[in-house]
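The primary structure of each chain is shown beneath.
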Amino acid sequence: MSMYLLVVFAIFVGCGLAAQAGINSQLRSGLSTPIQAAFISFLIGTIILGIIAFSQKQPWFSKHAMTEIPWWAWLGGFLGAFNIAMSIFLAPKLGALTLAVAIVCGQVIASLMFDHHGWLGYPTITLTPQRLFGALCIVVGVIFVSK
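Residues numbered from 1 in each chain as written. Predicted model: local features only at pLDDT ≥ 70, side-chain atom pairs only at ≥ 80, totals over all residues. Heavy atoms only, no water.

A.B. asks: Which residues make up the packing of helix α2 (residues 34–55) against helix α4 (residues 76–94), and what values go with them?
C.D. replies: Close contact between α2 and α4 brings their axes to 9 Å; oriented N to C, the two are set at 130°. Here α4 runs oblique to α2, going by the angle between their axes. Regarding α2 and α4, the two cross each other, and that crossing is right-handed. For the pair α2 and α4, contact is made by Pro34, Ile35, Ala37, Ala38, Ser41 and Phe42 and by Gly80, Ala81, Ile84, Ala85, Ile88 and Phe89, respectively. Tallied by class, the residues present in the contact of α2 with α4 amount to ten nonpolar, two polar and no charged. (Axes fitted to C-alpha atoms, helices over the stretch in contact; angles between N-to-C directions. Helix = DSSP H or I, 4+ residues; strand = E, 2+ residues; numbered from the N terminus. Parallel < 35°, antiparallel > 145°, perpendicular 65-115°, else oblique. Left-handed = near helix turned anticlockwise from the far one by under 90°. Contact = heavy atoms within 4.5 Å. Nonpolar A, V, L, I, M, F, W, Y, C, P; charged D, E, K, R; others polar.)

Okay, here's the thing in structure tokens:
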């Protein structure tokens with residue numbers, strides 16, 4: 001696939017994330033807490049992913065998977081739960097745009113470090129002045145949007 005098509009897919013993912021926070025916030029309005037809404041959201045997602053995963057009929061683990069996978073690779077579910085719960089909590093307080101830009105800002109700041117050091121399995125991509133400038137523009141964008 002071309003890089004442009006992949007970027008378009010990533011933009012659709014971003015649109016989905018912006019919608020997901022609002023949808024889950026509405027779910028929360030009928031429940032008692034953001035945690036309950038996050039649980040329901042994850043439960044539905046787990047059921048859908050389970051149906052897809054089981055229909056693929058692929059083996060789940062290789063013989064050495066538990067020893068080959070780094071310990072921190074199992075933290076994705078924790079981070080997903082944290083991200084969803086916090087988005088549900090923050091969406092009605094910040095609004096869609098401020099929430100989205102602040103989340104993207106956090107992603108950009110972390111991503112600069114992940115790329116520069118090649119952490120978490122990412123390829124090593126040196127921090128350049130252009131990349132740093134782009135990240136600073138997003139930080140400034142958060143300031144403008146949140147005022």
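Once the structure has been displayed, the description carries forward.
A.B. asks: Tell me about helix α6 (residues 129–146), residues and numbers included.
C.D. replies: In this model, α6 (18 residues) spans 26 Å end to end at C-alpha, consistent with the 26 Å of a helix rising 1.5 Å per residue. Along α6, the residues that are buried comprise Ala135, Gly141 and Val142. One side of α6 holds all its buried residues, which, seen down the axis, span an arc of 105°. Turned more than 90 degrees from where α6 packs its buried face, Pro129, Gln130, Phe133 and Phe144 sit exposed. (Expected span 1.5 Å × (residues − 1). Buried < 20%, exposed > 50% of the residue type's maximum accessible area, 1.4 Å probe, protein only. Arc of directions from axis to C-beta.)

A.B. asks: Can you lay out the packing of aromatic side chains for me, pointing to particular residues and giving the numbers?
C.D. replies: Where two aromatic rings form a pair, the distance of their centres and the angle of their planes describe that pair. Applying the stated criterion to the full structure yields two aromatic pairs. Consider the rings of Phe54 and Trp60, whose centres lie 5.3 Å apart with planes at 50°: the pair is tilted. Over the aromatic face of Phe89 sits the side chain of Lys93, whose NZ or CZ is 4.5 Å from the ring centroid. (Phe/Tyr/Trp six-rings, centres within 6.5 Å; stacked < 30°, edge-to-face > 60°. Lys NZ or Arg CZ within 6 Å of the ring centre and 35° of its normal.)

A.B. asks: Give me the lowdown on the pattern of salt bridges, citing residues and values where you can.
C.D. replies: Counting across every chain of the model gives one salt bridge. Across the pair Asp115 and Arg131 runs a salt bridge, and its minimum N-O distance is 2.5 Å. Of this pair, Asp115 sits in helix α5 (residues 96–117) while Arg131 sits in helix α6, and the two are 16 residues apart along the sequence. The class of Asp115 is buried, set by a relative accessible area of 14%. (Salt bridge = Lys/Arg side-chain N within 4 Å of Asp/Glu carboxyl O.)

A.B. asks: An account of the environment of Ala81 is requested, with residue identities and associated values reported.
C.D. replies: As for its placement among the helices and strands, Ala81 is situated in helix α4. C-alpha separation for the pair Ala81 and Gly118, spaced 37 residues apart in sequence, amounts to 25 Å.

A.B. asks: If you had to explain the side chain of Ser25 to someone new, which residues and values would you point to?
C.D. replies: With respect to the element layout, Ser25 can be found in helix α1 (residues 3–29). Among the residues examined, Ser25 registers a relative accessible area of 12% and is labelled buried. From its side chain, Ser25 meets the backbone oxygen of Ala21 in a polar contact 2.9 Å long. The contact partners of Ser25, leaving out residues within four places of it in the chain, are Ser87, Ile88, Ala91 and Pro92. (Polar contact = N/O pair within 3.5 Å; in protein donor to acceptor, adjacent residues only side chain to side chain.)

A.B. asks: Explain the packing of α4 against α5 residue by residue, including any values.
C.D. replies: The geometry of a pair of packed helices is captured by two quantities: the angle between their axes and the separation between those axes. Where α4 meets α5, the axes come as close as 7 Å, and the angle between the chain directions of the two elements is 130°. When the axes of α4 and α5 are compared, the pair comes out oblique. Note on element contacts: α5 touches α4 through Ala96, Thr98, Leu99 and Ile103, opposite Ser87, Leu90, Ala91 and Leu94.

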